[in-house]
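Secondary and tertiary structure notes
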Amino acid sequence: MTQPSNRMLLSGNHAVAWGARLARPDVIPVYPITPQTPILEKITDFQASGELDAELLTPESEHSAMSACISASLTGARVFTATSSQGLLLMHELLHWAAGASTPIVMFNVNRTVASPWGFWPDQTDSLAQRDTGWIQLYCESPQESIDTTILAYRIAESVSLPTMVNHEAFYVSHAMEPIEVPSQEAVDSFLPPYNPKHLLDPGKVESFGYVLDQNTHYQSRRNMDDAMQQVYAITEQANKEWKELTGRDYGIIEGYRMDDTKVVIVTMGSMCGTVKVAIDEMRDQGVSVGLLKVRLFRPFPYQQIRDALEDIPCIISMDRNFSPGLGGVLHQELKAALFGMQNTPKLHGLLTGVSGLNVTPEKIKEWVAAYSNAEPVVQSVWTE
Amino acid sequence: MSFPEYQDDGFFTSGHVACAGCSEALALRVILNTIGSNAIAVVPPSCGAVICGMHPHSAMGIPVCQTTLESTAATASGVKRALNARGKEDTTVICLAGDGGTYDIGFQALSSAVERNEDLLYICFDNEGYMNTGGQKSSSTPLMAVTGSTPQGKSSRKKNMIEILAAHDIPYVATTSPSNINDMVAKVNKAKEIRGFKFISVLIPCIAGWGLSDDAGIRLARLAVESGVWPLYEIEDGHRYRLNHASKTATVAEYLKGQRRYRHVSPEQVEQMQANVDDDWNRLQQKLVTSEQPIRMQNL
Ligand SMILES: Cc1ncc(C[n+]2csc(CCOP(=O)(O)OP(=O)(O)O)c2C)c(N)n1
Ligand code: SF4
Ligand SMILES: [Mg+2]
């Protein structure tokens, strides 16, 4: 039976702040940046009014915020932080450090273009550029998904002792208002037990962290990270299942939309999924069968799940709202790797769509489907406007 | 002569890997035993991190959290806040950092932690250079000292970190030296009782980096104090000064002798350095005179 919840009109960012509050973090080191700031301000409001009992730390930079997240987590605290774009880039050294330290930090990142030049627009290059840091990465399409995924992220992170980054895009999701089902505290408490790590910094325990390792032990630490990453698929499925029982809301590692009876599938992440769904409904009404495969979990990359979902699909169109110079679309690259060696390898068109926050409309999507469904793909990603 | 008033309870063990004759090992032994068991240390890359030893060994008898070079004060803040959240407010969180990690790359995080008045004890082992990477200059390296990145001698003066911290209205900032163990113990004990940010800088004559003979460390540290190059003093709340070694009894020339990093310095330059030290000493005397101010409103 699903638990009662409160319906509130919230922006994507305020939904995230609610998700963080319900997860009961002990320590929140955080630094402001557009368009993440409403998360920070809502959390400081909760804390000041006593609704959230957490140590709030407002240092001079995201670099120090992440440093404090790591050490607080190592000292046994549940930790939350949020950032965006330049802030995330400034943290880069510490992102590796956090993963190596097995700290289950949950960080919300609002996807924003990276400078230079300056821009404040929805674009996933900031977080995708961190894909090799050892963080679990999840991408959300809507404010409801963002509040739910923030809570789910703690369950996943703490089960495998890896930090987890949840993402939604600037403005399209971060500032869009939507009626949100806010789960009750009791429901979240029943889903998320208090954080109780096996190892921690404590004067009674005299366990230390971070000493120099020899090659063998360092190598073993990388193997351990890989083992933890490999567990994420099953743990995420289990968390999704329990969340569905609790709230009725059903999430997947990847999610198919109208995948029945189709020869063309669009693969993408984040807010563009909503637009693609609208376009698909319209195309289906006109007799064109197209499906969507939404990638929610990006790290670890769900290679096997994607292969299974795209088996027997002759044509795939990936849409990347990010740009890796010299490579193209990051999702496009991952899909190429995922599909490699399949029995009937599908044709894959990699489109760069909505890079730098360019608007992607259902009409554009319909045009691309018409143009690429029967075309021969090229190996590089293709710019579209 | 009185013997140091601290008890060695084994919080710093033999088997550490400091260079032979390094007084940082002595300072660590004194400081860790003075702090005792209810403590967690934060250590960035530096000689201190090397001295700790390699996994799975540790020369320290308390939990150590190693961190990145620039993050010491922020990392320690995270440890402290997590301890607070767990109801362990009385545990001392102590930073053990080098001058490079303090004066240079970690300065931003340090300044912010001092401004927030985090309840931390920060020890800076000031060996006046980046010794971990083989001895390049830091902004703590003094004028004219030769380092790996200043082969002709450094062209600028040592940054005055103590005054910079005093300008933050820091509850407690002090200098000490391995030549004055009682002074070190007293200052660590005093800092332990103060809530808020405490900073103690320890001069560490570096055997390798300064070009000293193995047995010269403590002697050099004492000459630094006696010549006024490294005055022993403390400042409370940024404005109440106290000098702990009241007179200058040695010359700068005596201090420079035996240090390979100053071998190229001419007699005229030695005179100039003496003038600099005299000037700094006089300024410090003036601060002592004006330091008896009424108590100001401090951090909440
Ligand atoms: C970001 C970063 N840059 C450079 C280094 C290399 N590095 C390690 S220790 C060190 C110098 C440390 O000097 P100091 O803090 O004075 O400590 P000491 O070794 O002298 O005790 C440097 C540059 C590093 N670890 N991290
Ligand atoms: S390099 Fe210098 S400061 Fe470092 S351990 Fe050796 S003597 Fe001590
Ligand atoms: Mg140094």
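Scroll up to find the structure this text is about.
None of these values were measured; they are calculated from a predicted model. (Residues numbered from 1 in each chain as written. Chains lettered and ligands numbered in written order. Predicted model: local features only at pLDDT ≥ 70, side-chain atom pairs only at ≥ 80, totals over all residues. Heavy atoms only, no water.)

On to the interface of chain B and chain A. Contact with chain B, which involves 39 residues of that partner, is made by 36 residues of chain A. Here chain B packs against chain A, burying approximately 2,800 Å² in sum over the two surfaces, 61% of which is carbon and sulfur. The largest share of the area that chain B buries against chain A comes from Gln66(B), Arg81(B) and Arg86(B), three residues that together contribute 19% of it. At the boundary of chain B with chain A, the tally comes to three salt bridges. Taking the shortest distance from any N to any O, the salt bridge between Arg81(B) and Glu55(A) comes out at 3.1 Å. Applying the counting rule to chain B against chain A returns 17 residue pairs in polar contact (both at pLDDT 80 or more). (Contact = heavy atoms within 4.5 Å. Buried area = accessible area lost by both parts, 1.4 Å probe. Salt bridge = Lys/Arg side-chain N within 4 Å of Asp/Glu carboxyl O. Polar contact = N/O pair within 3.5 Å; in protein donor to acceptor, adjacent residues only side chain to side chain.)

With that settled, the discussion passes to the coordination of the magnesium ion (ligand 3). Residues and elements named next belong to chain B. Every protein donor of the magnesium ion (ligand 3) is listed here as Asp99 (OD), Asn127 (OD1) and Gly129 (O), and their distances to the metal cover 2.0 to 2.1 Å. Read in sequence order, the donor residues for the magnesium ion (ligand 3) give the motif D-x27-N-x1-G. With aspartate 99 in helix α4 (residues 99-104) and glycine 129 in the loop between β4 (121-126) and α6 (161-166), this residue pair connects regions lying 30 residues apart in the sequence. Assessed through its relative accessible area of 1%, aspartate 99 is described here as buried. (Donors = N, O, S within 2.8 Å, 3.2 Å for Na, K, Ca; no water. Helix = DSSP H or I, 4+ residues; strand = E, 2+ residues; numbered from the N terminus. Buried < 20%, exposed > 50% of the residue type's maximum accessible area, 1.4 Å probe, protein only.)

Okay, the site of ligand 2 next. Around ligand 2, the structure places Cys19(B), Cys22(B), Cys47(B), Asn127(B), Met131(B), Cys206(B) and Ile207(B). Its residues assigned to classes, the shell around ligand 2 shows six nonpolar, one polar and no charged. (Near = heavy atom within 4 Å. Nonpolar A, V, L, I, M, F, W, Y, C, P; charged D, E, K, R; others polar.)

Next up on the list: the site of ligand 1. Looking at ligand 1, there are 17 residues lining it, with Cys47(B), Gly100(B), Gly101(B), Gly129(B) and Asn132(B) nearest. Two or more chains meet at ligand 1, and those chains are chains A and B. Between ligand 1 and Asn132(B), the relevant distance is 2.7 Å, taken from an oxygen atom to a main-chain nitrogen or oxygen of the residue. Protein chains bury 76% of the 590 Å² of accessible surface belonging to ligand 1 in isolation. Among the elements that make up the shell around ligand 1, the one with the highest residue count is α4(B) (three residues). (Areas by Shrake-Rupley, 256 points an atom, 1.4 Å probe, with all protein chains shown as cover.)

In this section: the pattern of salt bridges. Considering all chains together, one arrives at 42 salt bridges over all chains under this definition. Where Glu145(A) meets Arg296(A), a salt bridge forms, and the shortest distance between an N and an O atom there is 2.7 Å. With Glu145(A) in helix α7 (residues 143-160) and Arg296(A) in the loop between β11 (290-295) and β12 (297-299), this pair connects stretches of sequence that are 151 residues apart. Note on Arg296(A): relative accessible area 2%, which makes it buried. For Glu128(B), the salt bridge is made with Arg261(B), and the minimal N-O distance between the two is 2.9 Å. Here Arg261(B) lies in the loop between α10 (252-256) and α11 (267-290) and Glu128(B) lies in the loop between β4 and α6, a separation of 133 residues in the sequence. What makes Glu128(B) buried here is its relative accessible area of 5%. Overlapping salt bridges bring together Glu141(A), Glu145(A), Glu255(A), Lys277(A), Lys294(A) and Arg296(A) as one network.

All names here are of chain A. Read across the sheet, six strands follow the order β9-β11-β10-β13-β14-β15 without closing on themselves; strand pairing throughout is mixed. Each of the sheet's edge strands pairs with one partner strand only, and the pair in question is β9 (254-257) and β15 (382-383). Relative to strand β13 (residues 315-320), strand β10 (residues 264-268) runs parallel, the two sharing four bridges. Among the inter-strand pairings, isoleucine 266 is bridged to a residue of β13, identified as isoleucine 317. Each of β9, β10, β11 and β13 touches helix α10 (residues 272-285); the most contacted strand, β11, lies at about 165° to it. (Pairing = 2+ DSSP bridges. Axes fitted to C-alpha atoms, helices over the stretch in contact; angles between N-to-C directions.)

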